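Residues per chain, in single letters:
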Amino acid sequence: MATGALAKNVKEFVYEWEGKDRNGKVVKGELRAGGEAMVGAALRRQGILVNKVKKRRTSGGKSIKQKDIAVFTRQLATMMRAGVPLLQSFDIVARGATNPRLTKLLNDIRGDVETGTNLSNAFRKHPMYFDALYCNLVEAGESGGILEALLDRLAMYQEKTVALKGKIKSALTYPIAVGVVAFVVVAVIMIFVVPAFKDVFASFGADLPAPTLIVIAMSEFFVSYWWLIFGTIGGGLYFFFQTWKRSEKMQKTMDRLLLKIPIFGDLLFKSAIARWTRTLATMFAAGVPLVEALDSVGGASGNAVFAEATEKIQRDVSTGSALTSSMQQTGIFPTMVLQMAGIGEESGSLDHMLGKAADFYEEEVDEAVKALSSLMEPFIIVFLGVLIGGIVVAMYLPIFKLGQVV
């Protein structure tokens, strides 16, 4: 008994091995064991002459992203639907993972499940990667005996969420990147190029045009205080984002402001609506009670305005109010979403109708991103042309003036 308990507590690792079988053919593989000696013993029992055993690296690697978790969820759901046992499914996914950190995470979860921990509780030990919504859905699947179906639904939800976030990032990254590049180019011109022109103009002995004087004055400021400019911008951005990340009041203020920004605000609003309705539809379809489902919905929307509204809806629903009327009282949901929710409540198909609303707003986000991309390109070209072209023209005006005099 003691020996069996001791063997169960031995921490196992994944080892990659290479050797020759009884026919002298070179074979390779992987094996989970408590040490290299155990790997060698297990392979010798199979008639394999071991040449090399190496523990798979489980440290380092890239950070685990939401996309990695979505891929893992889809793979786990697929294998469980195919009848592969849970522990074996974890083994297969862990071996196929290219990120050592993800491999370690899956091996840790597998170890917990192997010792008798529920899958949902094993996930809860890693809140950085598996949020409350994820764990609640897995728990509902375990208790209802429909884990495969809920994992499939969860994988679909995560894939749609990752795709939606990717579209928003692509829409915001382009103008930000162009702005950064434009600032760097202007700084280089001001610090290195304009002073060279200034020395040339000093030998003319003539009055310089007003635009040229303005650019030279800006250049002198850049040259004298470049450390202050870069330090202020870098420090200001760092302080701003740290405050945004750590201060709840700042988060709420910024989320409200972001929704009011022209063009981008509408895109972020539609994205939040799509995620809110998609999350609630997924939770409700899994059989999670409405009041409990609303716990995860607000945070999943990614906006503090919707999180506050969800808390108010939850309080109203818990006292007996209808979901649609509670949503209407917040004043932030579009008429279409309210109508879809109302029809869903009356017909008993709330999850289906909210899913349709989510599909609609995800398509709206897709169309908005395409329109924004086509709109931003000419705007950015004009902006860069005016900025860089204005500096170039200002510096060449004295040369043109000198040419006319000659």
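This text goes with the structure placed above it.
Rules used in this analysis
- Residues numbered from 1 in each chain as written.
- Predicted model: local features only at pLDDT ≥ 70, side-chain atom pairs only at ≥ 80, totals over all residues.
- Heavy atoms only, no water.
- Helix = DSSP H or I, 4+ residues; strand = E, 2+ residues; numbered from the N terminus.
- Rg over C-alpha atoms; globule rule 2.2 N^0.38 Å.
- Buried < 20%, exposed > 50% of the residue type's maximum accessible area, 1.4 Å probe, protein only.
- Contact = heavy atoms within 4.5 Å.
- 1 Å grid on protein atoms, 1.4 Å probe; cavity = no way out; pocket = protein on both sides within 12 Å on 5 of 7 lines; lining within 4 Å.
- Points joined across faces, edges and corners; volume = space filled by probe spheres on them.
- Nonpolar A, V, L, I, M, F, W, Y, C, P; charged D, E, K, R; others polar.
- Expected span 1.5 Å × (residues − 1).
- Salt bridge = Lys/Arg side-chain N within 4 Å of Asp/Glu carboxyl O.
- Core = buried A, V, L, I, M, F, W, Y, C linked by side-chain atoms within 4.5 Å.
- Patch = residues over 30% accessible without salt bridge, like charges linked within 9 Å, V, L, I, M, F, W, Y side chains within 5 Å.
- Areas by Shrake-Rupley, 256 points an atom, 1.4 Å probe, with all protein chains shown as cover.
- Lys, Arg positive; Asp, Glu negative; His and termini not counted.
- Charge placed at Lys NZ, Arg CZ, Asp CG, Glu CD.
- Axes fitted to C-alpha atoms, helices over the stretch in contact; angles between N-to-C directions.
- Parallel < 35°, antiparallel > 145°, perpendicular 65-115°, else oblique.
- Left-handed = near helix turned anticlockwise from the far one by under 90°.

**Some remarks on the overall build of the protein chain**
Argument step 1. Per the secondary structure count, the protein chain includes 16 helices and three strands.
Argument step 2. Against the 2.2 N^0.38 benchmark of 22 Å for 406 residues, the protein chain shows a C-alpha radius of gyration of 30 Å, more extended than a compact globule.
Argument step 3. Projected onto its principal axes, the C-alpha coordinates of the protein chain cover approximately 100 × 70 × 35 Å.
Argument step 4. Taking all 406 residues of the protein chain together, the buried fraction comes to 38%.

**Remarks on the side chain of Arg110**
Argument step 1. Note on placement: Arg110 falls in helix H5 (residues 100-114).
Argument step 2. With a relative accessible area of 8%, Arg110 lands in the buried category.

**With respect to the environment of Phe201**
Argument step 1. Residue position: Phe201 is located in helix H8 (residues 147-202).
Argument step 2. When sequence neighbours within four positions are dropped, the list of residues in contact with Phe201 reads Leu208, Thr212, Ile216, Met395, Pro398 and Ile399.

**Focus: the layout of surface pockets**
Argument step 1. In this structure, the largest pocket spans a volume of roughly 1,100 Å³.
Argument step 2. As for the largest pocket, its lining consists of 37 residues, and the residues nearest its centre are Trp244, Asp255, Leu258, Leu268 and Gly302.
Argument step 3. For the lining of the largest pocket, the element with the most residues is H8, which contributes eight residues.
Argument step 4. Partitioned by chemical class, the residues of the lining of the largest pocket number 18 nonpolar, 10 polar and nine charged.
Argument step 5. The volume enclosed by the second largest pocket comes to roughly 560 Å³.
Argument step 6. Each residue belonging to the lining of the second largest pocket can be placed in one class, and the counts come to 12 nonpolar, seven polar and seven charged.

**Here's the deal with the environment of Gly342**
Argument step 1. As for its position among the elements, Gly342 is in helix H15 (residues 335-347).
Argument step 2. Judged by its relative accessible area of 14%, Gly342 is buried.
Argument step 3. A C-alpha to C-alpha distance of 9.9 Å links Gly342 and Leu354, two positions 12 residues apart in sequence.

**What about helix H3 (residues 66-81)?**
Argument step 1. Look at H3: 22 Å from first C-alpha to last across 16 residues, which is about the 22 Å you get at 1.5 Å a residue.
Argument step 2. For H3, the complete set of buried residues consists of Ile69, Ala70, Phe72, Thr73, Leu76, Ala77, Met79 and Met80.
Argument step 3. Along its buried surface, H3 packs onto helix H4 (86-96), H5, helix H6 (119-124), helix H7 (132-144) and H8.

**Here we look at the pattern of salt bridges**
Argument step 1. For the structure shown, the criterion picks out 16 salt bridges.
Argument step 2. Linked through salt bridges whose partners overlap, the residues forming this network are Arg74, Asp152 and Glu159.

**Some points on the nonpolar core**
Argument step 1. Formed by 72 residues in total, the largest nonpolar core has its most connected members in Phe123 and Phe333.
Argument step 2. Dropping the residues within four chain positions of it, Phe123 is found in contact with Phe72, Phe90, Ile109, Phe130, Tyr134, Cys135 and Val138.
Argument step 3. Core analysis: the next-biggest nonpolar cluster, separate from the first, contains 13 residues, Met190, Val194, Val215 and Met395 among them.

**Details of the side chain of Gln314**
Argument step 1. Within the secondary structure, Gln314 is located in helix H13 (residues 304-318).
Argument step 2. For Gln314, a relative accessible area of 17% puts it in the buried group.
Argument step 3. Setting aside anything within four residues of it in sequence, one finds Gln314 in contact with Val291, Leu294 and Asp295.

**So, a positive patch on the surface**
Argument step 1. On the surface, a cluster of positive charge is made up of Lys62, Lys65, Lys67 and Lys169.
Argument step 2. Mapping Lys65 onto the fold places it in the loop between strand S3 (49-55) and H3.
Argument step 3. Judged by relative accessible area, which is 56%, Lys65 ranks as exposed.

**Some thoughts on the packing of helix H14 (residues 323-330) against H15**
Argument step 1. Taken N-terminus to C-terminus, the directions of H14 and H15 make an angle of 165°; their axes are 9 Å apart at the nearest point. Taken as axis vectors, H14 and H15 run roughly antiparallel relative to one another. The crossing of H14 and H15 is left-handed. For the pair H14 and H15, contact is made by Leu323, Thr324, Met327 and Gln328 and by Val337, Leu338, Ala341, Gly342 and Glu345, respectively.
Argument step 2. Here the contact of H14 with H15 is built from residues that sort into five nonpolar, three polar and one charged.

Everything listed here is a matter of geometry and, on its own, says nothing about what the molecule does.
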